[in-house]
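Spelled out, the chains give:
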Amino acid sequence: MSRTTKFVLCVVTVLLAGAACAEEPQWLQYRFSRNQAAFTRYGIGISRAELTERAPRAVRLPKFSSEDPLFARWKTPMVKRGYLLVAFDRTAKTGPHDRLYIDADADGSLADEKPIEPFKLSDRRASFGPVRVLLPGTDGPVTYHLVVTLYDSADYRRLYFRAGGWYQGNITVAGTERPCFLFDYNCNGTFDDATFELSESDHIVIDYDGTLYKGTVGGYLQVKMNGELLRLEVARDGACVKLTSPRSVKMGTIEFAGESDYLELLGDNGFFRLKPVDGKVRVPVGTYRINQCHYPKTDGNDVQWKLLANGFPADSRVKVRGTKVTRIVSSEPVRPSMQMQKEGRGWRFSQDLKGQSGEQITFERKGQRPPAPRLRIKNSDGSYERVLSFEYG
Ligand SMILES: [Ca+2]
Ligand SMILES: [Ca+2]
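Calculation rules
- Residues numbered from 1 in each chain as written.
- Chains lettered and ligands numbered in written order.
- Predicted model: local features only at pLDDT ≥ 70, side-chain atom pairs only at ≥ 80, totals over all residues.
- Helix = DSSP H or I, 4+ residues; strand = E, 2+ residues; numbered from the N terminus.
- Buried ≥ 20, exposed ≤ 12 C-beta atoms within 10 Å, placed from the backbone.
- Contact = placed C-beta atoms within 7 Å.
- Core = buried A, V, L, I, M, F, W, Y, C linked by C-beta atoms within 7 Å.
- Domains from an automatic or database assignment.
- Pairing = 2+ DSSP bridges.
- Axes fitted to C-alpha atoms, helices over the stretch in contact; angles between N-to-C directions.
- Nonpolar A, V, L, I, M, F, W, Y, C, P; charged D, E, K, R; others polar.
- pLDDT = per-residue confidence, 0-100.

(A) Examining the overall build of the protein more closely. When helices and strands are counted, the protein shows 2 helices and 30 strands. For the protein, the C-alpha atoms occupy an extent of roughly 95 × 70 × 35 Å along the three principal directions. For the protein, buried positions account for 29% of its 393 residues. Residue pairs in contact within the protein that sit at least 24 positions apart in sequence constitute 54% of those at least 6 positions apart.

Have a look at this one:
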């Protein structure tokens with residue numbers, strides 16, 4: 001074999017090994033905590049569940065101490081019946097229900113479960129967890145943790161579930177090792193939900209040298225703003241991610257009617273943070289919903305303002321095709337509206353600003369929220385005149 005042939009064979013071997021490595025799953029470690037935000041510098045998803053005093057039928061129940069237990073369901077597609085049953089009991093006649101039962105082994109029975117005491121208890125609220133549950137997986141049960149908060153007083157009763165567990169680890173992104181976090185943001189026990197709603201999608205967060213970039217778990221991972229696209233696959237149980245370089249991505253163009261300097265899109269293809277160039281952005285062909293759009297402005301005194309559009313209607317969609325440019329209408333002109341409502345002996349006034357597609361509009365002045373607007377009320381003969389300040393909230 002000549003030297004040249006040997007050299008060629010060697011290069012082929014290296015390329016094949018590289019390709020196989022890139023397609024291998026990158027494993028993450030499971031973590032859990034009562035307060036995951038404290039460990040990850042990242043917000044936590046939350047889901048609310050309905051409470052009922054009616055006991056579920058045909059379910060084996062524990063012996064409750066009180067006569068008024070409460071029941072609820074934690075919804076999860078990991079269990080065939082679609083939920084785990086939850087019950088609250090109380091050890092005192094008054095105060096919040098302070099014992100939690102959860103069908104932790106997913107067998108449909110609460111009779112085999114031990115009561116769980118709250119880690120925090122006040123006269124209106126009981127917090128439990130992180131509570132360990134075992135969810136059926138394809139390779140055996142999967143451990144998951146929940147933090148359960150019950151607000152329980154005479155005039156206010158609410159139940160919230162937060163994910164107490166998440167996955168994290170270093171993964172290779174475009175050739176560089178980066179810390180990665182995976183969150184079950186809609187708190188349903190799975191880590192692969194991708195929807196048109198950020199709060200209903202699971203999130204992946206990559207730490208680029210201290211700057212956290214958030215994405216959803218479907219379609220593509222965009223490496224930083226306007227960056228390279230990698231095909232992203234996330235295991236349903238969150239244990240691993242796969243990042244592969246797509247051979248080709250069919251791209252389309254979005255053009256703005258207004259002057260925007262930042263756009264966030266969300267859809268089947270994932271989550272995209274984009275900085276328009278000459279009023280245009282390029283994204284993979286597909287259907288999106290605008291999550292956020294910013295419009296910079298300068299007033300007559302050279303002060304920088306920013307118009308921030310978010311809260312676009314849930315059913316609003318932007319279709320991006322490969323052949324034709326998609327045009328997005330500007331949020332401007334912005335439409336203010338004011339509502340007034342009788343409340344006791346007084347009136348409540350509220351004001352909001354909406355963009356052309358019904359999106360919510362807020363402002364920033366020099367990077368900060370300006371003072372809230374004021375309201376002047378004057379009667380026809382001028383005998384009553386007052387100026388009131390709105391409050392944000
Ligand atoms: Ca059980
Ligand atoms: Ca999920």
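(B) Region of interest: the nonpolar core. Grouped together as the largest cluster of nonpolar side chains are 48 residues, with contacts concentrated most on Val86, Leu182, Val234 and Val241. With 6 residues, the top contributor of residues to this core is strand S9 (residues 142-153). Inspection of this core shows a minimum of three residues originating in each of domain 1 (3-31 + 165-244) and domain 2 (34-38 + 42-163). Beyond its immediate chain neighbours, meaning those up to four positions away, Val241 contacts Gln26, Leu28, Ile171, Cys180, Leu182, Leu232, Glu233 and Val234. Of all hydrophobic cores here, the second largest spans 19 residues; its members include Leu265, Phe272, Val283 and Tyr288.

(C) Representation of the environment of Gly95 in the model. By secondary structure assignment, the location of Gly95 is in the loop between strand S5 (83-89) and strand S6 (99-102). Note on Gly95: 15 C-beta atoms within 10 Å, which makes it partly exposed. Sequence-wise, Gly95 and Ala111 are 16 residues apart; in three dimensions their C-alpha atoms are separated by 24 Å. Once you skip the residues sitting within four places of it in the chain, Gly95 turns out to touch Arg90 and Asp123.

(D) Spatial organisation of unusual backbone geometry. The residue after Gly129, namely Pro130, is reached through a cis peptide bond having omega 5 degrees. For Pro130, the location among the structural elements is in strand S8 (residues 125-135). Cis geometry marks the peptide bond from Glu332 to Pro333; its omega dihedral reads -5 degrees. Here Pro333 shows up in the loop between strand S25 (326-328) and strand S26 (335-343). At Ala174, a position not held by glycine, the phi torsion is positive, near 50 degrees. Among the secondary structure elements, Ala174 is positioned in the loop between strand S11 (165-173) and strand S12 (176-183). When the 14 C-beta atoms within 10 Å are taken as the criterion, Ala174 is described as partly exposed. The backbone of Asp302 sits at a positive phi, close to 65 degrees, despite the residue not being glycine. Turning to its location among the elements, Asp302 is positioned in the loop between strand S22 (286-298) and strand S23 (304-310). Judged by the 6 C-beta atoms lying within 10 Å of it, Asp302 is exposed.

(E) Looking closely at the environment of Arg60. Structurally, the position occupied by Arg60 is in the loop between strand S3 (46-49) and strand S4 (70-75). By the C-beta count within 10 Å, which is 11 here, Arg60 ends up exposed. In this structure, the C-alpha to C-alpha distance between Arg60 and Tyr160, residues 100 residues apart in sequence, is 24 Å. Not counting chain neighbours up to four residues away, the residues in contact with Arg60 comprise Ser109, Leu110 and Ala111.

(F) Structural detail: the sheet that holds S4. Read from one edge to the other, the open sheet built from 3 strands follows the order S4-S5-S6, with strand pairing classed as antiparallel. The open sheet terminates on both sides in strands that have one partner only, identified here as S4 and S6. Ignoring which end each strand starts from, the neighbouring axes of this sheet average 25 degrees apart. Relative to S5, S4 is paired through 6 bridges, and the arrangement is antiparallel. Across the sheet, Ala72 pairs through a bridge with Val86, a residue of S5.

(G) How the structure looks around the pairing of strand S14 (residues 211-216). In the sheet, strand S13 (residues 203-208) pairs with S14 via 6 bridges, with the strands oriented antiparallel. In the strand pairing of S14, Ile206 is matched with Tyr213.

(H) Geometry of the domain arrangement of the protein. We note that the domain assignment places domain 1 (3-31 + 165-244), domain 2 (34-38 + 42-163) and domain 3 (251-328) within the protein. Facing 16 residues of domain 1, the contacting portion of domain 2 comprises 18 residues. When contributions to the side of domain 1 that touches domain 2 are tallied by element, the ones reaching two or more residues are S11 and S12. Its residues assigned to classes, the side of domain 1 that touches domain 2 comprises 8 nonpolar, 6 polar and 2 charged.

(I) Local environment of the confidence of the model for the protein. Across the protein, the average pLDDT comes to 89, with 93% of residues at 70 or higher. Here residues 1-22 scores under 50 on pLDDT; set against residues more than four positions off or in separate chains, the count is 3 contacts.

(J) The sheet that holds strand S21 (residues 280-284), seen in detail. Read from one edge of the open sheet, 3 strands run S21-S18-S25, paired in mixed fashion. The sheet terminates laterally at S21 and S25, the two strands that pair on one side only. The sheet shows a mean angle of 30 degrees between the axes of neighbouring strands, direction not considered. The pairing of strand S18 (residues 251-256) with S21 spans 5 bridges and is antiparallel. Paired with Ile254 across the bridge in S21 is Val281.

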